[in-house]
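Breakdown of the fold
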Amino acid sequence: MKKQDLAKCGLPDAPGVYFFRDDEGGILYIGKATSLKDRVRSYFNPDLIETRGLRLVTMLTLAKTVTFQETGSVLE
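Scoring rules and cut-offs
- Residues numbered from 1 in each chain as written.
- Predicted model: local features only at pLDDT ≥ 70, side-chain atom pairs only at ≥ 80, totals over all residues.
- Heavy atoms only, no water.
- Phe/Tyr/Trp six-rings, centres within 6.5 Å; stacked < 30°, edge-to-face > 60°.
- Helix = DSSP H or I, 4+ residues; strand = E, 2+ residues; numbered from the N terminus.
- Buried < 20%, exposed > 50% of the residue type's maximum accessible area, 1.4 Å probe, protein only.
- Salt bridge = Lys/Arg side-chain N within 4 Å of Asp/Glu carboxyl O.

Some remarks on the packing of aromatic side chains
Tallied over the entire structure, the rule returns six aromatic pairs. Both rings, one in Tyr18 and one in Tyr43, keep their centres 5.9 Å apart while their planes meet at 65°; by these two values the pair is edge-to-face. With Tyr18 in strand 1 (residues 16-21) and Tyr43 in the loop between helix 2 (36-41) and helix 3 (48-51), this pair connects stretches of sequence that are 25 residues apart. In terms of burial, Tyr18 and Tyr43 fall into one category: buried.

Overview of the pattern of salt bridges
Counted by the stated rule, this structure contains two salt bridges. Across the pair Asp5 and Lys8 runs a salt bridge, and its minimum N-O distance is 3.7 Å. Among the salt bridges present, the one from Asp38 reaches Arg41, with a minimum N-O distance of 2.8 Å. Of the two residues, Asp38 and Arg41 are both situated in helix 2; the distance of three residues between them amounts to about one turn of the helix.

Here it is in structure tokens:
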């Protein structure tokens, strides 16, 4: 998945849960965020391998899309 693919996902600036999915729709990674848009965008920083490691870089190469579920708060 590339940074320019994020625009297609329509991530809101709201709390919720996000799912990185492969080309078959399988879940590669689940995370929660106060701002879905900001949190998912952070995975595309140039220093990702130094800050988060090779496993997340590999996950991003396998991911084809991001889906999400908005929640009323980050605690939900």
